[in-house]
Amino acid sequence: MEASNLVLVATDLKKYYQSVKAVDGVSVELRKGEVISILGPNGAGKTTTVEMLEGLRKPDSGQIVYFGSYEKTVDEVKERIGVCLQENFFFEDLTVLETLRLYASFYQKNLDIDEIVETFQLGEKLKTKIRHLSGGQKQRLAVALAFINDPDIVFLDEPTVGLDPQARRHLWDVILKYKDAGKSIILTTHYMDEAHQLSDRVYIMDHGKIIAHGTPQELITSSNLNSVIEFPKQYADKVNIQELIISGEYAYVTVNDPIPVIEKLLSANVRNFVLRHPTLEDVFLKLTGRKID
Ligand SMILES: Nc1ncnc2c1ncn2[C@@H]1O[C@H](COP(=O)(O)OP(=O)(O)OP(=O)(O)O)[C@@H](O)[C@H]1O
């Protein structure tokens, strides 16, 4: 990949709050036409990292280079950046159309509003005031607004929270459409399937540091997890299995050879287990020892 394709390079970013090392030496690269995800449990430092990349928070140290130019500050590139924050505030008495036009007026360059309306399926709500939108409709509008200035880099912090499964899938298609059009997208998400489906590369964060990164498949392969065996946690005490992880209602074990574990389960009369391929979620669980939510 040519260096000129790098639209953002962040090196050794740090942000400390008294004793809390919120971000402790994070480096991230983003290329043109790429979707990357930053995954991590609550408090890992994802939002602080992304807010520094967006120019909303000043790093204590480290460097961020936009569009290959050391001279460009975030203020100079903000026309080329789109942001959907985790919590968005709107003027409740404006309609959807008025809101789109207002945000468009903040920038020199815009995507066509009709195209945005169609892409984000907002047509039926154009004359509806924000206060009368459902949570999911507001969320779709918030993501739409991140694209209004036809940005080259788009930050989407938990963009599908509050959406029903159909709307979530639709938004995935929209994100991939914009990626294919050459936009570069940084996603933070709690949904592992979303990260896997959308991301070219994933950064896994914990305690302010990147603890692993790569394509979803590279992360799965490099974790040396061949098989996952999963069963209800109430059986965990019945079987002596090393490296068992209890999370939620289930006990998990990731192994290269599943046969000895299955034999143990069967001899303890545990039959309602599932054997499956590992997912990004299992990698995450192995690395951090806990589930993301
Ligand atoms: N303004 C602040 N003052 C003090 N501590 C802060 C501040 N902002 C964040 N932190 C702390 O920094 C750490 C990282 O927070 P951050 O919000 O970046 O994590 P996160 O990974 O985005 O979490 P979540 O998934 O819950 O949004 C947390 O321990 C948080 O309490």
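Per chain, the residues get numbers from 1 upward, laid out in the order the sequence is written. In keeping with the model being predicted, local features are shown solely for residues with a pLDDT of at least 70 and side-chain atom pairs are shown and tallied solely at 80 or more, while totals for entire chains, interfaces and linings include all residues. To obtain the side-chain values, all non-hydrogen atoms of the structure were used and water was disregarded.

Student: Before we move on, can you summarise the overall build of the chain with the specific residues and values?
Tutor: What counts as a helix is a DSSP run of H or I of at least four residues, what counts as a strand is a run of E of at least two, and both are numbered from the N terminus. In terms of regular secondary structure, the chain is built from ten helices and 13 strands. Overall, the chain is about 70 × 45 × 40 Å in size when its C-alpha atoms are taken along their principal axes. Three labels apply to residues, based on accessible area from a 1.4 Å probe with only protein chains included: buried if under 20% of the type maximum, exposed if over 50%, partly exposed otherwise in between. With 293 residues in all, the chain has 49% of them scored as buried. Carbon together with sulfur atoms contributes 48% to the accessible area of the chain, which is approximately 14,900 Å² in total. Side-chain charges of the chain comprise 34 positive and 42 negative groups, with the mean position of each set lying 2 Å from the other. Each accessible area is a Shrake-Rupley estimate made with a 1.4 Å probe; only the visible protein chains count as cover when residues are assessed. We score Asp and Glu as negative and Lys and Arg as positive, and we do not count His or the chain ends. Throughout, a charge is located at the NZ atom of Lys, the CZ atom of Arg, the CG atom of Asp or the CD atom of Glu.

Student: Outline the site of the ligand, listing residues and values.
Tutor: Around the ligand, the structure places 14 residues, and the nearest of them are Gly43, Gly45, Lys46, Thr47 and Thr48. Lysine 46 places a polar side-chain atom, nitrogen or oxygen, 2.7 Å from an oxygen atom of the ligand. Contact distances for the ligand include 3.4 Å between a nitrogen atom and a side-chain N or O atom of arginine 57. Its free accessible area being 640 Å², the ligand has 63% of it covered by the protein chains. Every element with two or more residues in the shell around the ligand is listed here: β2 (20-31) and α1 (46-54). Looking at the shell around the ligand, the element that brings in the most residues is α1, giving three residues. Broken down by class, the residue content of the shell around the ligand amounts to five nonpolar, seven polar and two charged. One heavy atom suffices: a residue is near a molecule or strand as soon as one of its heavy atoms comes within 4 Å of it. Two N or O atoms form a polar contact when they lie within 3.5 Å of each other; inside protein one atom must be a possible hydrogen donor and the other a possible acceptor, and for residues adjacent in sequence the pair counts only when both atoms belong to side chains. Residues are grouped as follows: nonpolar covers Ala, Val, Leu, Ile, Met, Phe, Trp, Tyr, Cys and Pro; charged covers Asp, Glu, Lys and Arg; every other residue, Gly included, is treated as polar.

Student: Which residues make up α1, and what values do they have?
Tutor: A large share of α1 lies buried, amounting to eight of its nine residues. Where α1 is concerned, the buried positions are Lys46, Thr48, Thr49, Val50, Glu51, Met52, Leu53 and Glu54.

Student: Please provide a residue-by-residue account of the packing of aromatic side chains, values included.
Tutor: Geometry of aromatic contacts follows a simple scheme: Phe, Tyr and Trp rings, the Trp one being its six-membered ring, pair when their centres are within 6.5 Å, and the pair is stacked under 30 degrees between planes, edge-to-face over 60, tilted otherwise. Considering all chains together, one arrives at four aromatic pairs under this definition. Between phenylalanine 120 and phenylalanine 147, the aromatic rings sit 5.9 Å apart at their centres with planes inclined by 40°, giving tilted as the arrangement. Highlighted residues: phenylalanine 120 in the loop between α4 (113-119) and α5 (135-146) and phenylalanine 147 in the loop between α5 and β6 (153-157), separated in sequence by 27 residues. Note on accessibility: phenylalanine 120 and phenylalanine 147 belong to one class, buried. Considering the side-chain rings of phenylalanine 147 and tyrosine 178, the 4.2 Å spacing of their centres and the 20° angle between planes classify their relative orientation as stacked. With a gap of 31 residues between them, phenylalanine 147 in the loop between α5 and β6 and tyrosine 178 in helix α6 (residues 165-180) connect regions that are remote in the sequence.

Student: Give a detailed account of unusual backbone geometry, specifying residues and quantitative values.
Tutor: For phenylalanine 67, which is not a glycine, the phi torsion comes out positive at approximately 50°. Within the secondary structure, phenylalanine 67 sits in the loop between β4 (61-66) and α2 (74-77). Among the residues examined, phenylalanine 67 registers a relative accessible area of 17% and is labelled buried. Here aspartate 150, not a glycine, exhibits a phi torsion of approximately 50°, which is positive. Along the chain, aspartate 150 turns up in the loop between α5 and β6.

Student: Tell me about the nonpolar core, and name the residues and values.
Tutor: Here, the term nonpolar core denotes a set of buried Ala, Val, Leu, Ile, Met, Phe, Trp, Tyr and Cys residues that are joined through side-chain atoms within 4.5 Å. The biggest cluster of nonpolar side chains holds 34 residues, and the ones touching the most others in it are Leu100, Phe120, Leu141, Phe147, Leu156, Ile175 and Ile185. The contact partners of leucine 156, leaving out residues within four places of it in the chain, are Cys84, Val143, Ala146, Phe147, Ile175, Ile185, Ile186, Leu187 and Thr188. Ranked by size, the runner-up nonpolar core spans 24 residues in total, among them Ile38, Ile64, Val77 and Ile81. Residues are treated as being in contact if the distance between any of their heavy atoms lies within 4.5 Å.

Student: Tell me about a negative patch on the surface, and please be specific about residues and values.
Tutor: Patch rule: a residue counts if its relative accessible area is over 30% and it has no salt bridge; like charges are joined within 9 Å, and nonpolar side chains (Val, Leu, Ile, Met, Phe, Trp, Tyr) within 5 Å. Think of a salt bridge as a Lys or Arg side-chain nitrogen and an Asp or Glu carboxyl oxygen that are within 4 Å of each other. Residues Asp112, Asp114, Glu115 and Glu118 make up a contiguous surface patch of negative charge. Summarising the element assignment, aspartate 112 is placed in the loop between α3 (96-105) and α4. The exposure class assigned to aspartate 112 is partly exposed, which follows from its relative accessible area of 47%.

Student: So what's going on with the sheet that holds strand β10 (residues 227-232)? Residues and values would help.
Tutor: Paired strands are those between which DSSP finds at least two bridges. The four strands are arranged β11-β12-β10-β13 in an open sheet whose pairing can be described as antiparallel. In this open sheet, the two strands that pair with only one neighbour each are β11 (245-247) and β13 (274-276). Adjacent strand axes in the sheet meet at a mean angle of 25°, parallel and antiparallel pairs treated alike. Of the strand pairs in this sheet, β11 and strand β12 (residues 250-255) are connected by three bridges, and their pairing is antiparallel. From the neighbouring strand, isoleucine 246 faces β12, where its bridge partner is alanine 251. Note on geometry: axes are lines fitted to C-alpha atoms, helical ones only across the stretch in contact, with angles between N-to-C directions running from 0 to 180 degrees. Of the strands in this sheet, β10, β12 and β13 are in contact with helix α9 (residues 259-267), which crosses β10 at around 15°.

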